[in-house]
Protein chains: 2
Amino acid sequence: MSTLTLFSPAGALPAATPLRRAAKRLASWGFEVSIDADALSRDQRFAGADATRLAAFHRIAKAAPDVALATRGGYGCTRLLDQLDWKAIAHSVEHGTRWVGYSDFTAFQNALIAHAKGLATWAGPLACSDFGRSEAEGGVDDITQDCFLEAMSGALEAVGFRESGAPRGTQPFDGLEARGLLWGGNLTVLCALLSTPHFPKVKGGVLFLEDVGEHPYRVERMLLQLQQAGVIDAQAAVLLGDFSGWTRQSTDRGYGLKDAVASLRARTRTPVLTGLPMGHCATKVCLPVGAKVDLFVQGREVILGWQSDHRLAHRHAHSEAAHAH
Amino acid sequence: MSTLTLFSPAGALPAATPLRRAAKRLASWGFEVSIDADALSRDQRFAGADATRLAAFHRIAKAAPDVALATRGGYGCTRLLDQLDWKAIAHSVEHGTRWVGYSDFTAFQNALIAHAKGLATWAGPLACSDFGRSEAEGGVDDITQDCFLEAMSGALEAVGFRESGAPRGTQPFDGLEARGLLWGGNLTVLCALLSTPHFPKVKGGVLFLEDVGEHPYRVERMLLQLQQAGVIDAQAAVLLGDFSGWTRQSTDRGYGLKDAVASLRARTRTPVLTGLPMGHCATKVCLPVGAKVDLFVQGREVILGWQSDHRLAHRHAHSEAAHAH
């Protein structure tokens, strides 16, 4: 049975019910669930003071459960980056811990790439946001659940989606193949690392981005910054996920997300694909942040693949060998 | 009579009336006002396509009026930075043109420091936003008007304000003296330049910051980024202006702007002063972005001074000398 610890690295949980509901569901799916001692702590808008949340990170890294799943995002991880013990985090990953989350968690995930190369964490659900909703609130999305369970078992080795942002009748990325380090996550949070020691220097990578509540002109400004910083041009591909929760303005006069994407495409030769099911949306895949991935496009179908969990495969081989003896 | 050109470097003007009203007022204050041919152009949310707005910059730089006053902010200057002819802009400044604006204009102003050292532009009003309001909408703020007129005449050589963010009964910056290059402006727009060739590398400077519509946790995240990037620690002082237009969230639990400021102060030895009358507020001073300034604090009173306009002083001396002959 896989051990799974729920913890709160950033924003305080407004209520305990979604956490309990998520824990119950995860247990029903076969995990041995524990809730970190400070998962429900509060300090203003944070899930405890910085020292409290840092201690949680280090406590979990030491215990090295199979899964360390963040409860929610908010804001708070960037505050911890200077003090995080990256060796301890790296040690836990090497011992099999899968750290999972998205949104504000992007800061932690990409800083880990900057501080300890070759280790992957998982962009995937947040416990309360994705597994804590009551049935009346929509319950759990089937694909999100299946993908998470498969990824946590070590079996997930690819996700597929349909490129959605090209003009009608065109398939501009048909035949595209790329291989590189997968990184990224929330666009605002990633851009908040630029120029700091926590921004990973990835060349030839596959950069995925999503955001919520950011008007397209702000999305464009951030994409433009990444391009002007040389980051976009240095990638093998950019995958755009969900950009939702923004409000049209009277001053837009037709300007929208497609224009923001078009503006980026006009500035770079790097393929910019859209439609990745990742972000602040109900249906989201799991992605190994910091792992080497292979990207294939056929028509409008995009496949993102990676080698399934070596360590687990190794472990399985061992136990099968033991079984055979 | 000073010549003044109104132009639109970023967002489209929703209506012509505020522009006409501003032009009329500026004329009544003694300027020979011209309106750039594309000041009312529109392309989606922009005041004309990038090429149109670039051409306006270069047309004005060539004409070199005494004052080049932006009509409004929005979003758009960062799109132009790669293509702007910085030599032409620098040439206009050397020939006496005072470029004036704030908000999105921050991108242009700080990029000029990055590309052509030793030249100042002016953080100050925007024509439509500050001088385009009808009397029913509040009209023109007296201090904003006086400060602008004095700055444009070349006479303004200091502004004063009261430090407002310290705990009661304390005067932590009493006696502070600093001298350095003044730079900054809108926090979001400045941060959008980080890691790009357009971010100025200023050491020992006086960095001023303001923003609108950004929740304190976002302000904190950006200040934290500047600190983690080494920018804050490298400054002689940081001056915070107006941060308004944001909405409290139920998850704040008491967290607000003061906490964002406290968080920055806890991370740096650089004095972080508050209360600068600059930003998206009615009453704003004019500040020479890119000029050397002297900062003095007595009790809670802050004085920011600079050498008044040498070129103009020189010109006046000439005409007085001519008069005397």
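Per an unreviewed UniProt entry, chain A is named LD-carboxypeptidase, and its organism is Roseateles paludis.

Residue and element names in this part refer to chain A. For the coordinates displayed, the defined rule picks out 30 salt bridges over all chains. Across the pair Arg59 and Asp38 runs a salt bridge whose closest N-O atoms are separated by 3.5 Å. With a gap of 21 residues between them, Arg59 in helix α2 (residues 50–63) and Asp38 in the loop between β2 (32–35) and α2 connect regions that are remote in the sequence. By relative accessible area, Arg59 is classed as partly exposed at 34%. The exposure class of Asp38 is partly exposed, given its relative accessible area of 22%.

If you rotate chain B by 180 degrees and push it 0.0 Å along the axis, it lands on chain A with an RMSD of 0.0 Å. Given the turn and translation reported, the copies of this chain are related as if by a two-fold rotation axis. When each C-alpha of chain B is compared by its distance to the rotation axis, Ser195 of chain B comes out closest, at 2.7 Å. In this assembly, 100% of the residues forming the interface of chain B have copies in chain A that are likewise at the interface, indicating an isologous arrangement.

Residues and elements named next belong to chain B. For the pair helix α8 (residues 216–228) and helix α9 (residues 257–267), the least separation of the axes is 8 Å and the interaxial angle reads 15 degrees. Taken together, α8 and α9 sit at an angle that is classed as roughly parallel. Two packed elements cross with a definite hand, and for α8 against α9 that hand is right-handed. Packed against α8, whose contacting residues are Pro216, Val219, Glu220, Leu223, Leu224, Gln227 and Gln228, the element α9 presents Leu257, Asp259, Ala260, Ser263, Leu264 and Arg267 at the interface. Taken together, the residues that form the contact of α8 with α9 break down as seven nonpolar, three polar and three charged.

All names here are of chain B. Here six strands make up an open sheet; going across it, the order is β2-β1-β3-β4-β5-β11 and the pairing mixed. Single-partner strands in this sheet number two, and they are β2 (32–35) and β11 (287–289). On average, each strand axis in the sheet is inclined to that of its neighbour by 25 degrees, with strand direction left out of account. Strand direction decides the pairing type here: strand β5 (residues 121–123) and β11, joined by three bridges, are antiparallel. Looking at β11, one finds that Trp122 is bridged to Pro288. Seen against the sheet, helix α4 (residues 105–115) touches β1 (3–7), β3 (67–70), β4 (98–101), β5 and β11 and runs at an angle of roughly 140 degrees to β4.

So, on to the packing of aromatic side chains. Under the criterion given, the structure shown has 32 aromatic pairs over all chains. A centroid spacing of 5.4 Å and a plane angle of 55 degrees characterise the contact between Trp99 of chain B and Phe108 of chain B, whose relative ring orientation is tilted. Overall, the relative accessible area of 0% leaves Phe108 of chain B in the buried class. Through pairs of rings, three or more aromatic residues link up here, namely Phe7, Phe57, Trp86, Trp99, Phe105 and Phe108 of chain A.

As for its placement among the helices and strands, Gln228 of chain B is situated in helix α8. Once you skip the residues sitting within four places of it in the chain, Gln228 of chain B turns out to touch Thr78, Leu81, Asp82, Thr196, Pro197 and His198 of chain A together with Arg267 of chain B.

This part takes up the domain arrangement of chain A. Residues and elements named next belong to chain A. Splitting chain A by domain gives domain 1 (3–154) and domain 2 (158–305). Computed from C-alpha atoms alone, the centre-to-centre distance between domain 1 and domain 2 is 24 Å. Counting residues at the interface gives 30 residues for domain 1, matched by 32 residues for domain 2. For the domain 1 and domain 2 pair, buried surface summed over both sides reaches about 2300 Å², with 65% attributable to carbon and sulfur atoms. Linking domain 1 with domain 2 are one salt bridge. Asp130 serves as the salt-bridge partner of Lys284, at 2.5 Å between the closest nitrogen and oxygen. Summed over the shared surface of domain 1 and domain 2, the result is 12 residue pairs in polar contact (both at pLDDT 80 or more).

Attention shifts here to the interface of chain B and chain A. With 43 residues of chain B at the interface, the matching set in chain A holds 43 residues. Across the chain B to chain A interface the summed buried area is about 3600 Å²; carbon plus sulfur atoms make up 44%. Of all residues in chain B, Arg45, Arg221 and Gln228 of chain B give up the largest surface area on contact with chain A, accounting jointly for 20% of the area buried on that side. There are eight salt bridges connecting chain B and chain A. For Glu214 of chain A, the salt bridge identified is with Arg218 of chain B, shortest N-O distance 2.8 Å. Along the contact surface separating chain B from chain A lie 25 residue pairs in polar contact (both at pLDDT 80 or more). Looking at the side of chain B that touches chain A, the elements that each hand over two or more residues are α7 (187–191), α8 and α9 of chain B. Tallying contributions element by element places α8 of chain B first for the side of chain B that touches chain A, with eight residues. Its residues assigned to classes, the side of chain B that touches chain A shows 14 nonpolar, 14 polar and 15 charged.

Reading the values: the criteria
Residues numbered from 1 in each chain as written. Chains lettered and ligands numbered in written order. Predicted model: local features only at pLDDT ≥ 70, side-chain atom pairs only at ≥ 80, totals over all residues. Heavy atoms only, no water. Salt bridge = Lys/Arg side-chain N within 4 Å of Asp/Glu carboxyl O. Helix = DSSP H or I, 4+ residues; strand = E, 2+ residues; numbered from the N terminus. Buried < 20%, exposed > 50% of the residue type's maximum accessible area, 1.4 Å probe, protein only. Least-squares fit on C-alpha atoms with pLDDT ≥ 70 in both. Contact = heavy atoms within 4.5 Å. Axes fitted to C-alpha atoms, helices over the stretch in contact; angles between N-to-C directions. Parallel < 35°, antiparallel > 145°, perpendicular 65-115°, else oblique. Left-handed = near helix turned anticlockwise from the far one by under 90°. Nonpolar A, V, L, I, M, F, W, Y, C, P; charged D, E, K, R; others polar. Pairing = 2+ DSSP bridges. Phe/Tyr/Trp six-rings, centres within 6.5 Å; stacked < 30°, edge-to-face > 60°. Domains from an automatic or database assignment. Buried area = accessible area lost by both parts, 1.4 Å probe. Polar contact = N/O pair within 3.5 Å; in protein donor to acceptor, adjacent residues only side chain to side chain.

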